[in-house]
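# Structural description and commentary
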Amino acid sequence: MLYTLFYSPGAASMAVHWMLIELEVPFETVLVDIDQSQQRNPDYLRLNPSGRVPTLVIDGAPYGESVALMLLLAERHPGSGLVPEPNSPKRAEWLQLTLYIANTLMPAMRDWLYAAKDGNPDGAAAVKALAQKRISLVWDDFEARLEDGRPYLMGNTFGVVDMLAIMLMRWSRNMPCNAIEWPRLRAYIDQVCARSSFGDLCDREGLPAWPA
Ligand SMILES: N[C@@H](CCC(=O)N[C@@H](CS)C(=O)NCC(=O)O)C(=O)O
């Protein structure tokens, strides 16, 4: 088996899982149920000392961080079409968007979802309010990006940024800043989630239908 993905349904492992399906490479999965705190099991902490999912084992060595894993997979499978090739005119814009998702959107999501657990519960409401504002600004940005009718965030080509964006938009489903309330994002979500690979992913992770 080439890759082993340690995942929890719907968690940050979801986009990596989706990419493995899109790449059609051999992989196996191991469930780490964060609802059961399995990310704190000593065996798992040996693979991922931060106690977070995902972990991807590549050639016997464990690695973390979902965006890094996807970039690594893209490098290991050149020609996938899931990232603009180096020297492509789209490369600079793609790098900017990928880092924007990783550096701005993902930390705000973590802040909203884990405010009371990672920090002082007494201050959680303020942390969540700021995170909500930051997430909403990203949705505004994506809404503007889709204004020209492009089917995907980078234009006409589906790729890594779409898998990340869809995962994170799904996370917002129980937030006051639910991505489906942005009209172009709603159309984008409907269209991207109609991909057979997304249906396959949801089946494999046992995820309920989204968007409803
Ligand atoms: N930046 C990390 C975030 C990983 C992360 O926060 N994963 C969450 C699930 S979405 C987790 O493992 N939570 C369990 C915990 O923090 O105890 C990545 O993208 O891989």
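This section reports on the structure supplied with the text. (Residues numbered from 1 in each chain as written. Predicted model: local features only at pLDDT ≥ 70, side-chain atom pairs only at ≥ 80, totals over all residues. Heavy atoms only, no water.)

## Side note on the layout of surface pockets
- Empty space within the largest pocket amounts to approximately 1,100 Å³.
- Contributing to the lining of the largest pocket are 37 residues, with Ala 12, Val 53, Arg 110, Tyr 114 and Trp 171 lying nearest its centre.
- Only helix 3 (66-76), helix 4 (91-118) and helix 6 (160-171) provide two or more residues apiece to the lining of the largest pocket.
- Counting residues per element, the lining of the largest pocket draws most heavily on helix 4, at nine residues. (1 Å grid on protein atoms, 1.4 Å probe; cavity = no way out; pocket = protein on both sides within 12 Å on 5 of 7 lines; lining within 4 Å. Points joined across faces, edges and corners; volume = space filled by probe spheres on them. Helix = DSSP H or I, 4+ residues; strand = E, 2+ residues; numbered from the N terminus.)

## Section: the packing of helix 5 (residues 124-145) against helix 7 (residues 183-192)
- The N-to-C vectors of helix 5 and helix 7 enclose an angle of 75°; their axes lie 8 Å apart at closest approach. Between helix 5 and helix 7, the interaxial angle falls into the category roughly perpendicular. In this structure, helix 5 contributes Trp 139, Phe 142 and Glu 143 to the contact, and helix 7 contributes Pro 183, Arg 184 and Leu 185.
- Considering only residue class, the contact of helix 5 with helix 7 consists of four nonpolar, no polar and two charged. (Axes fitted to C-alpha atoms, helices over the stretch in contact; angles between N-to-C directions. Parallel < 35°, antiparallel > 145°, perpendicular 65-115°, else oblique. Contact = heavy atoms within 4.5 Å. Nonpolar A, V, L, I, M, F, W, Y, C, P; charged D, E, K, R; others polar.)

## A word on the environment of Ala 116
- Inspection of the secondary structure puts Ala 116 in helix 4.
- Residue classification places Ala 116 among the partly exposed residues on the basis of a relative accessible area of 42%.
- Spatially, the C-alpha atoms of Ala 116 and Met 14 are 23 Å apart, while their sequence positions differ by 102 residues.
- Not counting chain neighbours up to four residues away, the residues in contact with Ala 116 comprise Pro 121 and Ala 124. (Buried < 20%, exposed > 50% of the residue type's maximum accessible area, 1.4 Å probe, protein only.)

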